[in-house]
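The chain contents come next:
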Amino acid sequence: MSERLSVLKTYKLFIGGKFPRTESGRSIKVADASGSVVAHTCRSSRKDLRNAVEAAEKAQPGWASANAYLRGQILYRMAEMLEGKRDELAAAISITGKVGKDAALAEMDASVDRLVAFAGWADKYPQILGCHNPVTGPYYNFSVPEPTGVVGVVCPDEPSLLGLVSLVAPVICSGNAVVLLASETNPIPACVLAEVLATCDLPGGVVNILTGLRDELVEHFATHRAIAGVFAAGVSDEHRTALEAGAAENMKRVQVLDLGPDLAAGFADDSAMESPWVIEPFVETKTIWHPVSS
Amino acid sequence: MTTFQEQDAAAVTKTSAAGPGRSPALEFASAWDYAPAPETTKVEIADSHGHYIGGTFVGAAKGGTLDTLNPANEQKLSTFARGTVADIDAAVNAAREAQPKWAALPAKERGKYLFRIARRLQERAREFAILETMDNGKPIKESRDVDIPLVAAHFFYHAGWCDKLKYAFGGAEPTPVGVCGQIIPWNFPLLMAAWKLAPALACGNTCVLKPAETTPLTALRLGEIFDEIGLPPGVVNIVTGDGEAGSALVEHAGVDKVAFTGSTEVGKKIARAVAGTGKKLTLELGGKSPNIIFDDASIDQAVEGIVSGIYFNQGHVCCAGSRLFVQEGVADEVIAKLKIRLQSLRVGDPLDKNTDVGAINSRPQLETIAKYFDIARDEGLDVFESSCELPSIGYWCKPSFFTGVQASHTVAREEIFGPVLAVLTFRTPEEAITRANNSPYGLAAGVWTDKGSKIFEIAGQLKAGIVWLNTYNRFDPASPFGGYKESGFGREGGMQGLRGYVKLGGDR
């Protein structure tokens, strides 16, 4: 009898809470340090991006109107489910051989902790970013932060999981929906994370995950008119320019994090990455006036 | 004024009694016969003006000059320098040189300069109000009671922030951005200068300000105040001119942040120009703001709100309530009362303190407004215009509104920037919200109803940066201003307005 053949996992996209293949039928090889192929992932097309944006647009208003306590609990649930996949995700982080086992576990733990931090922010950031304004005249005047809408997230190659979680958590914490492009060199952790998202009570479509090539997709993130903002880190100057120039068409809010040359260290900095000022780029301040009289 | 208001109120009451839908002919004959009451204070205006660079007024490098007119009589007020790349370069260099010293001042000392500016503006308020009205065409009662007091208040408010920035950005260390290039429009010339300069200076930045080409005079006179109060040279530089100076400022490598208020079209060009340069950007752009009147609103108050929403400042207001949504049951009554109210607006000499609607700022803007009248007529819309007489010289437009407007009509979609209102009707709150939000713009919105929980529900659902409930067109330095969607990004005023003028960790 021959040895049992293992069942390999097929890595697909995550759109609207479902796991479709790319409509393009194309795939990308993911290799380990020795160069041998360890997995295939989808090479998403512009059409996949459009489908993901459509799903995000559908999901966003409901997510935004969910109360802050509930959003916080769902983010916490996400952290719980992530913790449950600790070994699988650590293995996914180190699958390409660039990140050692200990570092992968540390990145995994930091990702869980980051989600916990933003779970706690969900019902507090409006108190930091909003306020009552003492205007001259008989008016009650206050400012509240509201979500921007559908936000595109372009993840850095490394850290493959912590980078993604750090960019997504602050954006969804305030009621935005996300369409993200995973690390190009190691998209496997993003694909595993999709399984976490599918089982953590997060409504389908709030986070949508694409794998593929920045060279192909960045310009479409920049120009898609239903994307209201783009959050990125670790992109080339060329892609940054493309994002900012394309964004002009519908006045997208673009935030490219500058974390210095050592991205892993930058993302590991809790005080910078867990600040309400990471939430702030993708909220809109709404200021409301009402007369006061008897 | 009292007599006039009483007659006005009496006229409105009479209409209510006559029932909605009827617009009785009103006889204002005696009420109109006020003696003219123009400002008598003389304002000296020099024949020519140079740029204000490095603390001194200098002539144009080689760009020649432009004229600025009084739009109410088409008379030339003065000549001013037309800025070029060389002038912008000199101004940016002066700002660069001044910036480290300005930022290094003890914060409280920096604040004292801003307090001084505010005080000196208050002392010279009358002169600035008159000059603003002459250069811009807005009624003196607006420049005197709104623009200039708000300018002083804006500097006063931000003066106090200088030594408190760390509390505005809890947990983060704010540092100045550097040199700010700021381009402002002609509708609130000095107020826009204050909105740009005060927060920038408070946060330790230095500035190059480019006023609009039809309204440079009050900004230049602000340069005089900077001299009087001893502001260090180069902290604020003012370069006048047209689009050439504006482009040069946006593109200058020595500028760290660009702030622009103006049209969405130009805003998009600027966004493309700064893409990839690492410059920070805030944009306050156009609008087509909805003003929603429910059948349970106080109708008389709502009609006043419509008037201040669209006829304030000749409708040259980016947040103007230019799309009126009236609930069907009260549409006839609202329109009838609005007609009466339009008839009572006094259009004419902006320097007359009884004037409600002044002159259109320039001939090109008058032509733009006229174009929209043509389009509306071609699209079959009914127009109601005030029957007021217009002066024979100057640029004027009668306060007007279009009825029977649908979302697809051009005047319901595009910003006109004139005293022209599009009137639409709706049935349910859901319909009002959907249609109000159906615009690429998202600057402001108005809601009128006496139902408390309903008004906050609607306010929550409108995609707009400023929502006025049972009021419209209120401004305050403590109140953040700025839009959603294609109305731009960033806020001006309030604590949130400081964000565009500081760097926090993670900012490029």
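Just so it is clear, the model here is predicted, and its values are computed rather than measured.

Novice: Explain the overall build of chain A to me, please; I cannot follow it from the model alone.
Specialist: Broken down by element type, chain A carries twelve helices and ten strands. Its C-alpha atoms give chain A a radius of gyration of 20 Å, near enough to 19 Å, the size a compact globule of 294 residues would have. The dimensions of chain A, computed from C-alpha atoms along their principal axes, are 90 × 35 × 35 Å. For chain A, restricting intrachain contacts to residue pairs at least 6 apart in sequence, the fraction spanning at least 24 positions comes to 77%. Per element, the accessible surface of chain A, about 11900 Å² overall, is 53% carbon and sulfur.

Novice: Is there a simple way to think about the overall build of chain B in this case?
Specialist: Scanning chain B for helices and strands turns up 17 helices and 20 strands. Against the globule reference of 23 Å for 508 residues, chain B gives a C-alpha radius of gyration of 23 Å, in line with a compact fold. Principal-axis analysis of the C-alpha atoms places the extent of chain B at approximately 70 × 50 × 40 Å. For chain B, restricting intrachain contacts to residue pairs at least 6 apart in sequence, the fraction spanning at least 24 positions comes to 75%. In the structure as shown, chain B presents an accessible area of about 18100 Å², 51% of it carried by carbon and sulfur atoms. Computing the positive centroid from 53 side-chain charges and the negative centroid from 59, chain B places the two 6 Å apart.

Novice: Looking at this structure, how should I read the domain arrangement of chain B?
Specialist: Interfaces are often sized by the amount of accessible area the parts lose when they come together. All names here are of chain B. As far as domains go, chain B holds domain 1 (48-285 + 484-500) and domain 2 (287-469). A straight line from the C-alpha centre of domain 1 to that of domain 2 covers 30 Å. Counting the surface lost from both domain 1 and domain 2, the interface buries some 2700 Å², and carbon and sulfur atoms represent 56% of this. When the area that domain 1 buries against domain 2 is broken down by residue, the three leading residues are Trp186, Tyr484 and Lys485, summing to 20%. Taken together, domain 1 and domain 2 are joined by two salt bridges. There are 18 residue pairs in polar contact (both at pLDDT 80 or more) connecting domain 1 and domain 2.

Novice: What is the right way to read helix H14 (residues 363-378) of chain B from this model?
Specialist: What sets the pattern is the α-helix's 3.6 residues per turn: residues three or four places apart point alike. All names here are of chain B. Between its terminal C-alpha atoms H14 stretches 22 Å, which fits the 22 Å expected from 16 residues at 1.5 Å a residue. Looking only at H14, the buried set comprises Gln365, Ile369, Tyr372, Phe373 and Ala376. Axial view of H14: buried residues confined to an arc of 105 degrees, hence all on one face. Exposed side of H14, more than 90 degrees from the buried face: Pro364 and Asp378 are the residues found there. For H14, the secondary structure elements touched by its buried residues are strand S14 (382-385), strand S15 (400-403), helix H15 (410-413) and strand S16 (420-426). Backbone nitrogen of glutamine 365 and a side-chain oxygen of the N-cap are separated by 3.2 Å at the start of H14; the cap is serine 362. Immediately beyond the C-terminal end of H14, within one or two residues, lies glycine 380, with a positive phi of roughly 85 degrees.

Novice: Looking at this model, I keep getting lost on the side chain of glutamate 492 of chain B. Mind explaining?
Specialist: All names here are of chain B. With respect to the helices and strands, glutamate 492 occurs in the loop between strand S19 (488-489) and strand S20 (502-503). Within the local environment of glutamate 492, its side chain forms a polar contact with the side chain of lysine 196, the two groups lying 2.5 Å apart. With residues up to four places along the chain from it excluded, the contact list for glutamate 492 reads Trp195, Lys196, Thr261, Glu284, Ser479, Pro480, Phe481 and Gly497.

Novice: Sorry if this is basic, but what is going on with the pairing of strand S5 (residues 75-81) of chain B here?
Specialist: A regular strand carries its side chains on alternate faces of the sheet. Residues and elements named next belong to chain B. Within S5, five of the seven residues are buried, which leaves the element mostly enclosed by the surrounding structure. Of the pairings in the sheet, the one linking strand S1 (residues 48-49) to S5 comprises two bridges and is parallel in character. Bridge assignment links histidine 49 to a residue of S5, and that residue is phenylalanine 80. Where strand S4 (residues 65-70) meets S5, six bridges bridge the pair, whose relative direction is antiparallel. If you follow leucine 69 over to S5, its bridge partner there is lysine 76.

Novice: I would appreciate a short explanation of the confidence of the model for chain B in the present structure.
Specialist: Averaged over every residue, the pLDDT of chain B is 93; residues scoring 70 or more account for 93%. Low confidence marks residues 1-22 of chain B, where pLDDT is under 50. Its contacts with residues over four positions away, or in another chain, come to 28 contacts.

Novice: Explain the nonpolar core here, please?
Specialist: Side chains of nonpolar character tend, in soluble globular proteins, to be buried together. Ranked by size, the top nonpolar core spans 176 residues in total, and within it Ile172, Leu180, Leu202 and Val207 of chain A together with Leu121, Phe155 and Ile293 of chain B carry the most contacts. Residue contributions to this core peak at eleven residues, all from helix H8 (residues 189-202) of chain B. Inspection of this core shows a minimum of three residues originating in each of domain 1 (48-285 + 484-500) and domain 2 (287-469) of chain B. Ranked by size, the runner-up nonpolar core spans 34 residues in total, among them Phe294, Ile369, Val405 and Val447 of chain B.

Novice: Could you clarify how one ought to interpret unusual backbone geometry in this entry?
Specialist: Generally, phi is negative for residues other than glycine and the peptide bonds are trans, each holding for most cases. Put simply, glutamate 158 of chain A and proline 159 of chain A share a cis peptide bond, and its omega is -5 degrees. Structurally, the position occupied by proline 159 of chain A is in the loop between strand S5 (150-154) and helix H6 (162-173). One non-glycine residue, lysine 485 of chain B, lies in positive phi territory at about 50 degrees. Following the sequence through the fold, lysine 485 of chain B ends up in the loop between strand S18 (466-469) and S19. What makes lysine 485 of chain B partly exposed here is its relative accessible area of 30%.

Novice: So what exactly am I meant to see when it comes to the interface of chain B and chain A here?
Specialist: Every contact between the two is made by 49 residues of chain B and, on the other side, 39 residues of chain A. Around 3500 Å² of area is buried between chain B and chain A when both sides are counted, 53% of it from carbon and sulfur atoms. Applying the counting criterion to the chain B and chain A interface returns four salt bridges. As a salt-bridge pair, glutamate 280 of chain A and arginine 499 of chain B come within 3.3 Å of each other at their nearest N and O atoms. Where chain B meets chain A, there are 25 residue pairs in polar contact (both at pLDDT 80 or more). Here the side of chain B that touches chain A is composed, by residue class, of 24 nonpolar, 15 polar and ten charged. Bridge count for strand S10 (residues 283-291) of chain A against S18 of chain B is three bridges, and the pairing is parallel. Looking at S18 of chain B, one finds that threonine 287 of chain A is bridged to isoleucine 466 of chain B.

Novice: Mind showing me how you'd approach the pattern of salt bridges here?
Specialist: Where charged atoms from two side chains of opposite charge come close, those side chains can pair. This model, assessed by the stated rule, comprises 46 salt bridges over all chains. In this structure, arginine 114 of chain A engages glutamate 274 of chain A in a salt bridge whose closest nitrogen and oxygen atoms are separated by 3.1 Å. Note that arginine 114 of chain A is positioned in helix H4 (residues 101-121) and glutamate 274 of chain A in the loop between helix H11 (270-273) and helix H12 (276-279), a separation of 160 residues in sequence. Taking the relative accessible area as the measure of exposure, glutamate 274 of chain A reaches 19% and is therefore buried. Lysine 112 of chain B is the partner of glutamate 109 of chain B in a salt bridge, and the nearest nitrogen-oxygen pair spans 3.1 Å. With glutamate 109 of chain B and lysine 112 of chain B both in helix H4 (residues 107-123), this residue pair falls three residues apart, about one helical turn. Judged by relative accessible area, glutamate 109 of chain B falls into the partly exposed class, the value being 34%. Residue lysine 112 of chain B is classed as partly exposed on the basis of its relative accessible area of 45%.

Each value, and the rule that gives it
Residues numbered from 1 in each chain as written. Chains lettered and ligands numbered in written order. Predicted model: local features only at pLDDT ≥ 70, side-chain atom pairs only at ≥ 80, totals over all residues. Heavy atoms only, no water. Helix = DSSP H or I, 4+ residues; strand = E, 2+ residues; numbered from the N terminus. Rg over C-alpha atoms; globule rule 2.2 N^0.38 Å. Contact = heavy atoms within 4.5 Å. Areas by Shrake-Rupley, 256 points an atom, 1.4 Å probe, with all protein chains shown as cover. Lys, Arg positive; Asp, Glu negative; His and termini not counted. Charge placed at Lys NZ, Arg CZ, Asp CG, Glu CD. Domains from an automatic or database assignment. Buried area = accessible area lost by both parts, 1.4 Å probe. Salt bridge = Lys/Arg side-chain N within 4 Å of Asp/Glu carboxyl O. Polar contact = N/O pair within 3.5 Å; in protein donor to acceptor, adjacent residues only side chain to side chain. Expected span 1.5 Å × (residues − 1). Buried < 20%, exposed > 50% of the residue type's maximum accessible area, 1.4 Å probe, protein only. Arc of directions from axis to C-beta. Pairing = 2+ DSSP bridges. pLDDT = per-residue confidence, 0-100. Core = buried A, V, L, I, M, F, W, Y, C linked by side-chain atoms within 4.5 Å. Nonpolar A, V, L, I, M, F, W, Y, C, P; charged D, E, K, R; others polar.

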